[in-house]
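Working through the structure, step by step
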Amino acid sequence: MKITDHIKNANGETLFSFEIVPPVKGKNIQHLYDNIDPLMEFKPPFIDVTTSREEFVYREKDGLLEKQVTRMRPGTVGICASLQHKYGVDTVPHVLCGGFTKEETEYLLVDCQYLGIENLMALRGDARKDQQYFEATKGGHSYATGLVKQIKDLNSGKYLHDDCEMDHLPDFCIGVAGYPEKHLEAPSLKSDLKRLKEKVDAGADYVVTQMFFDNQKYFEFVEAAKNIGIHIPIIPGIKPIAVKRHLQVLPQVFRIDLPQDLIDAVDGCNTNKDVRQVGIEWAIQQSKELKEAGVPVLHYYSMGKSDNIKAIAKELF
Ligand SMILES: Cc1cc2nc3c(=O)[nH]c(=O)nc-3n(C[C@H](O)[C@H](O)[C@H](O)COP(=O)(O)OP(=O)(O)OC[C@H]3O[C@@H](n4cnc5c(N)ncnc54)[C@H](O)[C@@H]3O)c2cc1C
């Protein structure tokens, strides 16, 4: 079922969902299931599965360093299919512009259709680790808007190059990313919002936000989005702080601000176990306020271990 239908059917009740990251190549998928199992009692209607782009690594061969391409966390679509089968939930594979040609994306979309995956999160992706700025892959899309258009084209029966008729049109529901504190490359929040509107006009059905720690930022973002004509659901993304290092890493990587009260509480912790508890409590307060405000879904970013997401969900769902 489409995410937008799950939201409609909930009749104003806030739903619970979360995002998972595929295991590193070579690791057993059982570890992933062990972390998802405890969250299933909160009845997530959907689970997102991230995708990571290719990386270049240098490996020694015959005494020389050879540049090789690798993907450390492959398997997004396979994991989605497996979760749908195992848990009977909908899944949302993240689809990236970076690292993929339009043709490769088309094959991926065809796989999704065969597997009964009805939702996709369309993203540009970040710059490759060896590049300072994002550069479009040769033959790929430069921005998420192009990817949204490609998916919409397929929904209306148009392949990239072939004009064979489809027996059954796909009808993918498309999510896109939104940034309450603006995307790190955007010159201003206003210009970033205009870009979001372009994604919506291209056919996006719902938005999931980047993590934020101050709900006011989300409320203002939703209001500003409405004011420029964005009327699709805007799902807040919540990340519980889990280790002290997040105080440096999250602002650096995502260019987001952390409230002083949260910084002080984390600074006052002696162990990462205490930090994890502070992160849980902060996320519970955030989630309660967002739920009271009637957000459609509370979507949690779970990196690996899910005990903190369970502790939060227990208070909310
Ligand atoms: C909910 C969520 C899930 C994510 N999941 C993943 C994941 O699984 N894997 C992963 O690698 N990354 C993921 N990301 C990170 C995301 O890929 C990065 O934030 C990326 O840098 C931007 O992606 P986007 O889809 O928002 O890009 P876009 O919407 O294309 O925007 C990128 C930048 O370009 C600007 N822009 C857009 N259109 C134009 C235009 N026509 N001309 C000039 N500028 C323009 C925008 O303002 C913005 O600054 C996720 C992010 C979020 C919020």
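Rules and cut-offs
Residues numbered from 1 in each chain as written. Predicted model: local features only at pLDDT ≥ 70, side-chain atom pairs only at ≥ 80, totals over all residues. Heavy atoms only, no water. Helix = DSSP H or I, 4+ residues; strand = E, 2+ residues; numbered from the N terminus. Buried < 20%, exposed > 50% of the residue type's maximum accessible area, 1.4 Å probe, protein only. Lys, Arg positive; Asp, Glu negative; His and termini not counted. Salt bridge = Lys/Arg side-chain N within 4 Å of Asp/Glu carboxyl O. Contact = heavy atoms within 4.5 Å. Core = buried A, V, L, I, M, F, W, Y, C linked by side-chain atoms within 4.5 Å. Polar contact = N/O pair within 3.5 Å; in protein donor to acceptor, adjacent residues only side chain to side chain. Pairing = 2+ DSSP bridges. Axes fitted to C-alpha atoms, helices over the stretch in contact; angles between N-to-C directions. pLDDT = per-residue confidence, 0-100. Left-handed = near helix turned anticlockwise from the far one by under 90°. Nonpolar A, V, L, I, M, F, W, Y, C, P; charged D, E, K, R; others polar.

**Concerning the side chain of lysine 239**
With respect to the secondary-structure elements, lysine 239 resides in the loop between β9 (234–238) and α8 (246–254). For lysine 239, which is buried and forms no salt bridge, the nearest opposite charge comes from glutamate 19, at a distance of 8.3 Å. For lysine 239, the residues in contact, after removing those within four places along its chain, are Met211, Phe213, His246, Leu250, Tyr301 and Met303.

**Description of the nonpolar core**
Membership of the largest hydrophobic core comes to 59 residues, with the highest contact counts inside it found for Ile20, Ile36, Leu83 and Tyr300. Top element by residues in this core is helix α3 (residues 76–87). It accounts for five residues. When sequence neighbours within four positions are dropped, the list of residues in contact with tyrosine 300 reads Phe16, Ser17, Phe18, Glu19, Ile238, Ser287, Ile309, Ile312, Leu316 and Phe317.

**Side note on the side chain of histidine 299**
Within the fold, histidine 299 resides in strand β10 (residues 297–301). At 2.5 Å, the side chain of histidine 299 and the side chain of serine 17 are in polar contact.

**Looking at the sheet that holds strand β5 (residues 90–96)**
What the eight strands build is a closed barrel, ordered β1-β2-β5-β6-β7-β8-β9-β10; its pairing is parallel. For this sheet, the mean angle separating the axes of adjacent strands, direction not counted, is 30°. The pairing of β5 with strand β6 (residues 119–123) spans three bridges and is parallel. Within β6, the residue paired with valine 95 across the bridge is alanine 122. In the packing of α3 onto the sheet, contacts are made with β1 (15–20), β2 (46–49) and β5, and the angle to β5 comes to roughly 175°. Contacts from helix α11 (residues 307–316) reach β1 and β10 within the one sheet, and its direction differs from that of β10 by about 165°.

**Here's the deal with the pattern of salt bridges**
The final tally for this structure, using the stated rule, is 12 salt bridges. The shortest N-O distance in the salt bridge between aspartate 201 and lysine 197 comes to 3.0 Å. Of the two residues, aspartate 201 and lysine 197 both sit in helix α6 (residues 189–202), four residues apart, roughly one turn of that helix.

**A closer look at the confidence of the model for the chain**
Overall, the prediction assigns the chain a mean pLDDT of 96, with 100% of residues at 70 or greater. Strand β3 (residues 55–61) is the least confidently modelled element of the chain, averaging 87 in pLDDT, while strand β7 (residues 173–178) averages 99, the highest of any element.

**Re the packing of helix α10 (residues 272–292) against α11**
Working note: a packed helix pair is described by the angle between its axes plus the distance between those axes. Two elements in contact, α10 and α11, have axes separated by 9 Å at closest approach and are oriented at 35°. Of the two possible hands of crossing, α10 and α11 adopt the one that is right-handed. Contact residues: α10 offers Arg276, Ile280, Ala283, Ile284, Ser287, Lys288 and Lys291, while α11 offers Asp307, Asn308, Ala311, Ile312, Glu315 and Leu316. Among the residues making up the contact of α10 with α11, the classes are represented as six nonpolar, two polar and five charged.

**Some words on unusual backbone geometry**
Even without being glycine, asparagine 11 reaches a positive phi, approximately 50°. Considering the arrangement of structural elements, one finds asparagine 11 in the loop between α1 (3–9) and β1.

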